[in-house]
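Architecture at a glance
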Amino acid sequence: MVRLTPELIEDSFQYINPVREYELCLRGYKIGLIENLGATLNQFDTIDFSDNEIRRLDGFPLMTKIKTLLFNNNKIQFVGQNLNECLPNIESLTLINNNIEELTEIDNLSSLKSLKYLTLLRNPVAALKHYRLYTIYRIPSLRVLDFKRIREKEREEAKKLYKGKKLKKSEVPRTFIPGEQLDKLSLNQAGGDSAQKQQKADRVQPSKEDIDAIRLAISQAKSIEEIEQLNAMLRSGIIPSHLKQKVTGNSAKTNESMVEDE
């Protein structure tokens, strides 16, 4: 694994992204630990940590300017407590393809009072019963979860299901003990790494249909927030089916009009 040093931060790609935010790109360095972010001098709106080896979401200094963090394709299993003290203004957090397993980790994300967009696709926790409703209830500031807008009906259903109730925690302690999980992970490292390599090998470039879907969505976007979500979709490679259906529907209409003209 590579250490996140001040030198690495200084030498990494920095640019204005499509939504006009100042972004630091730390993708693909095999970073294992979040550290030394004070070297950013709190000047970035977005930091991309995708395709690394990070296991724990913590280690941030006070970063008042950060609005977006991307952690696609890491190994994050634990979420640190009191993240709001370090990231008071974060609005978007993308954690696609990580190892978050317990709903109790979502409790720690609930401290982020400004969080509007959260993506946990391809995490074990996303397969749990009532995962979506529990997340909506615990993080009331959310507007979009896993690229799907949260409806008022879902909020009401989540309140009915969880208001006045406490989540039953596993008997296994979830407190992070240095080295405890690393020992377990090291036993499966060879198998896990090979599986991850296979997953990467299986990934394909976005299809023409995917590209057309994003282009159509961008042309119809009515706010900066929608454009930001589309930007996150492009980074993750996940294009929701409803966007593809729009393209299919438009193509069908075009074909019908051509037939009528003939």
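For the structure, check the block above.
Residues numbered from 1 in each chain as written. Predicted model: local features only at pLDDT ≥ 70, side-chain atom pairs only at ≥ 80, totals over all residues. Heavy atoms only, no water.

Bringing the overall build of the chain into the picture now. Helix and strand content of the chain: 9 helices and 10 strands. Among the 262 residues that make up the chain, the fraction classed as buried is 43%. The contacts of the chain with a sequence gap of at least 6 include a subset with a gap of at least 24, amounting to 57%. With the model as given, the accessible surface of the chain reaches about 15,000 Å², and the carbon-plus-sulfur share is 52%. (Helix = DSSP H or I, 4+ residues; strand = E, 2+ residues; numbered from the N terminus. Buried < 20%, exposed > 50% of the residue type's maximum accessible area, 1.4 Å probe, protein only. Contact = heavy atoms within 4.5 Å. Areas by Shrake-Rupley, 256 points an atom, 1.4 Å probe, with all protein chains shown as cover.)

Tallied over the entire structure, the rule returns 5 aromatic pairs. Here the aromatic rings of phenylalanine 13 and tyrosine 15 are separated by 4.8 Å at their centres, their planes lie at 15°, and the arrangement is stacked. Phenylalanine 13 gets classed as exposed once you look at its relative accessible area, which sits at 53%. For tyrosine 15, a relative accessible area of 22% gives the class partly exposed. An angle of 75° between the planes, with centres 5.1 Å apart, marks the rings of tyrosine 134 and tyrosine 162 as edge-to-face. Note that tyrosine 134 is positioned in helix H3 (residues 131-138) and tyrosine 162 in helix H4 (residues 152-162), a separation of 28 residues in sequence. With relative accessibility at 13%, the residue tyrosine 162 sits in the buried group. Through a chain of ring-to-ring contacts, the aromatic side chains of Tyr134, Tyr137 and Tyr162 assemble into a single cluster. (Phe/Tyr/Trp six-rings, centres within 6.5 Å; stacked < 30°, edge-to-face > 60°.)

Reading across the sheet, the 8 strands line up as S1-S2-S3-S5-S7-S8-S9-S10 and stay open at both edges, with mixed pairing between neighbours. In this open sheet, the two edge strands, each paired with only one partner strand, are strand S1 (13-16) and strand S10 (148-149). Pairing geometry for strand S5 (residues 68-70) and strand S7 (residues 92-94), over 3 bridges, is parallel. Directly across from threonine 68, in S7, lies its bridge partner serine 92. (Pairing = 2+ DSSP bridges.)

The next subject is H3. Counting buried positions over the 8 residues of H3 gives 6, a clear majority of the element. Buried within H3 we find Tyr131, Arg132, Leu133, Tyr134, Thr135 and Ile136.

Tracing the backbone through its elements, the reader meets isoleucine 16 in strand S1. Through-space distance from the C-alpha of isoleucine 16 to that of aspartate 45 is 9.5 Å; in sequence the pair is 29 residues apart. Residues within four places of isoleucine 16 in sequence aside, it is in contact with Glu21 and Tyr22.

Where charged atoms from two side chains of opposite charge come close, those side chains can pair. A complete count under the given rule lists 8 salt bridges for this structure. Across the pair arginine 3 and glutamate 35 runs a salt bridge, and its minimum N-O distance is 3.0 Å. Of this pair, arginine 3 sits in the segment before helix H1 (6-11) while glutamate 35 sits in the loop between strand S2 (22-25) and strand S3 (46-48), placing them 32 residues apart in sequence. By relative accessible area, which is 16% here, glutamate 35 ends up buried. Residue aspartate 58 is joined to arginine 56 by a salt bridge in which the shortest nitrogen-to-oxygen separation is 2.7 Å. With relative accessibility at 22%, the residue aspartate 58 sits in the partly exposed group. Connected via shared salt-bridge partners are Arg27, Asp48 and Asp51. (Salt bridge = Lys/Arg side-chain N within 4 Å of Asp/Glu carboxyl O.)

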